[in-house]
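So you can see what is in the structure, the chains are spelled out below.
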Amino acid sequence: MDLLPRSPGEFGSARYWDRFFRQRGQRPFEWYGAFPELCPILHKYVRPRDKVLVVGCGNSELSEQMYDVGMCEDIVNIDISDAVIREMQERSGSKRPKMSYLLMDVLQMDFPDAHFQVVLDKGTLDAILTDEEEATLTKVDKMFSEISRVLQVGGRYLCVSLAQAHVLKKAVEYFSQEGWVVRVHQVARSEDKQQFVLPVFVYVMTKFRKIPGSAPQILEICPEEQDKPMRVESTERLVAAVKDRQHYALLCSQLSKTPCGEQVSLDLCDKESGKPRYTLHVVDSPSVKPSRDNHFAIFIIPQGRETEWLFGTEEGRRQLAASAGFGRLVTVALHREQHYEGMAGIQAELSGKVMELAPPGLPARQQVPFLSVGGDIGVRTVQHRDTSPLSGEYVVEDVKGDGTCYFRRLIFLRNRNVVQSEARLLARTSLPGQKKRRKDKKKPSPAEPPAAIDKSYLCCEHHKAMVAGLCLLGRPDPLPGTPLAVLVVGLGGGSLPLFIHDYFSQACVAVVEIDPSMLEVAMCWFGFSQGDRMRVHISDGLDYVAKLASEVFVLSPPAPAQFDAIMFDVDSKDLTVGMSCPPPAFVEKPFLQKVKTILKPEGVFVLNLVCRDARLKESVLATLREVFPLLYVRRIEGEVNEILFCQPTREGQRDPTELGARAQALEGALRQPGRPWDSSYVLADMLQAIKIL
């Protein structure tokens, strides 16, 4: 039986609806849900003594159920279909004496002005506003004008709709310009099978007298999970908020039917601020054989560890899901701007929402486990927050790692999933003269991290590789007591230049940093300091190198090249390029030739390359080969970073055996008695995976 119109325009035709209801018979047709789903919203805006007009009533049971439960009795129903009006008059008859059904067009009603307190529309606006043609918009304007005319001041127009963007935008713009208050409710979904995948919304337009001049618009949205409305500042933002909820419903519908081939990511936002509170990734593991207890689990990533490879990359999350042994794992990252009441609080907050992401085949009433590392949500303490004109908003935060270790991190919030700088914190010790705590005294809070920086520990694997690259220097023995001139471009928290300064006692380190805010951060929060052998130059690295290179040729006779080692560890501020380190200008041929000019013939140029664009990376490597005859690479496992070691001549090429011996000799010299050394840092291991390009 064909009940659908040949064209959308037929939705506004009385002939179509007569045919529709004759073919359908007396079975009620409930557009966009039945009374139980709509009742929680309707009872807020319909009072028992209200006079209610239902436009485009069809053969829905909505009016009858409102009458029968005592919500309201003075209800007038109108429709353009003579067939359905006769049917409904017969169906209600003497059962509901105060309710009436009239054959009438909403575009031209016979009621006097200000006759009703409520106008209820369930799908009628959607049926009329099928497109944005001029004739259609004219009809809608007539409909809105008539509704406005028959409503009293303070009355409510309740419109049940699927909220297509053009429909919502038209309704909001029309009534808000008339000075009405506009609020959009999302209807809570029932547990029964839905007729529509998309969520249903109720627009509540409350009539106010129009104030001359430009009165501020009042636009609000009430998501299904909360009663308190959220104010939005424009029609566009309101439409976007509704669209977000529609996309989420489509996503949940898709995930409930089929496994997801690719990982799905979404943010759940705080109700009050609208800022992201949780970031979820849905990861399916086809290799896991399903059983009753391993369909679905939630994994809470401890605060501060969301940037780790296992949690912060697709491959890492895939490995995590497979090792956890669940067919679908939802990982949950916690945001630094939010406060959390422990694992139990997070579980209570997320339980209902994550079940909407459950996989197909999940047994009814199945308990879904919440997992984490060590069973807690980790510790994150924001120590400092500020904004730099060059780097944007940033934070310095202390986080708890594995075991009892704490780490201090610098994060640029424009790229919040990347740790710019990191340092391990030393365990707290009693101050001189301070008495030890008695056993029965309160222990220090586990959330209270230590404060002193452990300068002997390099947190970043790429920093360890860069230091190991000093074994490539052409001198007979790269021992720490030998004079060494090093240029580091990119300060960050200062861990790399600090380590070289402290462990190579004769090293003179020049650091170039474009952002003066970063020098302040390094000195205040990461234990960095300047001295006779450590100087920071606030300058663009491009300009600084170019100036040094020009001095080599200007002087007569030419000045000798200055540096034994040049290290680039500088991030790009342009996130649109597929290379986040270094900025593209740092690897252009003319600039690289200037770098070579200020590098000693037996020296080494060390570059931290972070490039996800395969073509761009190949182009960078080709340019480096043109300038530097000898090129090594050390890939950092589990990260995008690749450390490139470039030398001005091929004479410095060394075989693996010689490199290993030099690494052992250097490490032995660095491990001096009384000086702390990270036992996991083995220079020879760092150079084992080095390859000549």
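Quick caveat: nothing in here was measured; it's all calculated off a predicted structure.

Moving on to unusual backbone geometry. Put simply, Cys-581 and Pro-582 share a cis peptide bond, and its omega is -5°. Look at Ala-114: it is not a glycine, yet its phi comes out positive at around 50°. Here Ala-114 is to be found in the loop between strand E3 (100-103) and strand E4 (116-122). Even without glycine at this site, Ala-163 takes up a positive phi of about 60°. The class of Ala-163 is buried, set by a relative accessible area of 2%.

On to the pattern of salt bridges, then. Under the defined criterion, the tally for this structure stands at 40 salt bridges. Measuring nitrogen to oxygen at the nearest pair gives 3.3 Å for the salt bridge that ties Glu-397 to Arg-380. Taken as a pair, Glu-397 in strand E16 (residues 392-400) and Arg-380 in strand E15 (residues 380-388) lie far apart in primary sequence, 17 residues in all. Between Lys-617 and Glu-642 there is a salt bridge, and its shortest N-O distance comes to 3.1 Å.

Among the structural elements, Val-160 can be located in strand E5 (residues 151-161). Note on Val-160: relative accessible area 1%, which makes it buried. Filtering out sequence-adjacent residues up to four positions away, Val-160 remains in contact with Tyr-32, Leu-38, Asp-121, Lys-122, Gly-123, Val-200, Phe-201 and Val-202.

Quick look at a nonpolar patch on the surface now. A grouping of Val-197, Leu-198 and Leu-250 is seen on the molecular surface, where their side chains present a nonpolar patch of about 210 Å² in accessible area. With respect to the helices and strands, Leu-250 occurs in helix H8 (residues 235-257).

Moving on, we come to the sheet that holds strand E8 (residues 219-222). If you walk across this open sheet you meet the nine strands as E3-E2-E1-E4-E5-E7-E6-E8-E9, and the pairing is mixed. Pairing within the sheet leaves two strands with one partner each, and these edge strands are E3 and strand E9 (230-232). In this sheet, neighbouring strand axes are inclined to one another by 20° on average, regardless of whether the strands run parallel or antiparallel. Along the sheet face, helix H7 (residues 165-177) touches E5, strand E6 (181-186), strand E7 (201-206) and E8 and points at about 10° away from the line of E7. Packed on one face of the sheet, H8 meets E6, E7, E8 and E9 and runs near 15° to E8.

Moving on, we come to the packing of aromatic side chains. In this structure the tally under the stated criterion is 16 aromatic pairs. Geometrically, the ring pair formed by Phe-568 and Phe-586 is edge-to-face, given 5.5 Å between the ring centres and 85° between the ring planes. Highlighted residues: Phe-568 in strand E22 (residues 563-568) and Phe-586 in the loop between strand E23 (579-581) and helix H16 (589-597), separated in sequence by 18 residues. As far as burial versus exposure is concerned, Phe-568 and Phe-586 are alike and both buried. Connected via pairs of aromatic rings, a cluster forms that spans Phe-144, Tyr-157, Tyr-174, Phe-175 and Trp-180. Above the plane of the ring of Tyr-457 lies Arg-424, whose end atom (NZ or CZ) is 3.9 Å from the centre.

With that settled, consider the nonpolar core. Among the nonpolar cores identified, the biggest contains 47 residues, and Val-467, Ile-500, Phe-504, Phe-528, Met-567, Phe-645 and Tyr-681 are the most heavily contacted of them. Take this core: its biggest share by element is five residues, from helix H13 (residues 495-503). When near neighbours in sequence (up to four residues on either side) are disregarded, Val-467 contacts Leu-458, Leu-496, Phe-499, Ile-500, Phe-504 and Tyr-681. Among the nonpolar cores identified, the runner-up in size contains 43 residues, and Met-104, Met-109, Phe-116 and Val-140 belong to it.

As a further point, take the side chain of Arg-91. Along the chain, Arg-91 turns up in helix H4 (residues 82-92). Taking relative accessible area as the criterion, Arg-91 reaches 18% and is therefore assigned buried. A polar contact of 3.2 Å, which involves the side chain of Arg-91, links it to the backbone oxygen of Asn-59.

With that settled, the discussion passes to the sheet that holds strand E11 (residues 276-284). Read from one edge of the open sheet, five strands run E10-E11-E13-E12-E14, paired in mixed fashion. Taken across any chain shown, the strands that pair with only one partner, and hence form the sheet edges, are strand E10 (264-269) and strand E14 (370-372). Strand-to-strand twist across the sheet, computed as the mean angle between neighbouring axes with direction ignored, equals 25°. Pairing geometry for strand E12 (residues 296-300) and strand E13 (residues 328-334), over five bridges, is parallel. Residue Phe-299 lies in a different strand from E13, and its bridge partner there is Thr-331. Along the sheet face, H8 touches E10, E11 and E13 and points at about 135° away from the line of E10.

With that settled, the discussion passes to the side chain of Asp-569. Within the fold, Asp-569 resides in the loop between E22 and E23. Of the polar contacts made by the side chain of Asp-569, one reaches the side chain of Asn-608; its length is 2.9 Å. If we skip the residues at most four places from it in the chain, Asp-569 touches His-462, His-463, Met-466, Val-489, Gly-490, Cys-581 and Asn-608.

A few words now on the environment of Pro-223. Residue position: Pro-223 is located in the loop between E8 and E9. On the basis of relative accessible area, Pro-223 is assigned to the buried category, the value being 3%. With sequence-adjacent residues up to four places away left out, Pro-223 is seen in contact with Gln-186, Met-230 and Arg-245.

Burial within H13 is extensive, with eight of its nine residues counted as buried. Every buried residue of H13 is accounted for by Ser-495, Leu-496, Pro-497, Leu-498, Phe-499, Ile-500, His-501 and Tyr-503.

A few words now on the confidence of the model for the protein chain. On average, residues of the protein chain score 84 in pLDDT, and 87% of them are at 70 or above. Within the model, pLDDT remains below 50 along residues 1-12, and this stretch shows 26 contacts once partners closer than five positions in the same chain are excluded. Confidence drops under a pLDDT of 50 for residues 429-449, and excluding neighbours within four residues, the segment shows 15 contacts in the predicted structure.

Next up on the list: the pairing of strand E19 (residues 484-489). Two faces belong to every sheet, and in a regular strand the side chains alternate between them. The element E19 is largely enclosed, with a buried count of six among its six residues. In E19, alternate side chains face the same way, and those of Leu-484, Val-486 and Val-488 on one face and Ala-485, Leu-487 and Val-489 on the other are all buried. Pairing analysis gives six bridges linking E19 to strand E20 (residues 507-513), with the strands arranged parallel. Following the sheet pairing, Val-488 is matched in E20 by Val-511. This β-α-β element, E19 to H13 to E20, shows right-handed connectivity. Of the pairings in the sheet, the one linking E19 to E22 comprises four bridges and is parallel in character. The residue bridging Val-486 from the neighbouring strand is Ala-565, located in E22.

Turning our eyes to something else, we now look at the environment of Ala-165. By the element assignment, Ala-165 lies in helix H7. Relative accessible area serves as the criterion here: at 35%, Ala-165 is assigned to the partly exposed category. Put simply, Ala-165 and Val-239 are 74 residues apart on the chain and 6.3 Å apart in space, counted from C-alpha to C-alpha.

Cut-offs and rules
Residues numbered from 1 in each chain as written. Predicted model: local features only at pLDDT ≥ 70, side-chain atom pairs only at ≥ 80, totals over all residues. Heavy atoms only, no water. Helix = DSSP H or I, 4+ residues; strand = E, 2+ residues; numbered from the N terminus. Buried < 20%, exposed > 50% of the residue type's maximum accessible area, 1.4 Å probe, protein only. Salt bridge = Lys/Arg side-chain N within 4 Å of Asp/Glu carboxyl O. Contact = heavy atoms within 4.5 Å. Patch = residues over 30% accessible without salt bridge, like charges linked within 9 Å, V, L, I, M, F, W, Y side chains within 5 Å. Areas by Shrake-Rupley, 256 points an atom, 1.4 Å probe, with all protein chains shown as cover. Pairing = 2+ DSSP bridges. Axes fitted to C-alpha atoms, helices over the stretch in contact; angles between N-to-C directions. Phe/Tyr/Trp six-rings, centres within 6.5 Å; stacked < 30°, edge-to-face > 60°. Lys NZ or Arg CZ within 6 Å of the ring centre and 35° of its normal. Core = buried A, V, L, I, M, F, W, Y, C linked by side-chain atoms within 4.5 Å. Polar contact = N/O pair within 3.5 Å; in protein donor to acceptor, adjacent residues only side chain to side chain. pLDDT = per-residue confidence, 0-100. Right-handed = clockwise from strand over helix to strand, strands pointing away.

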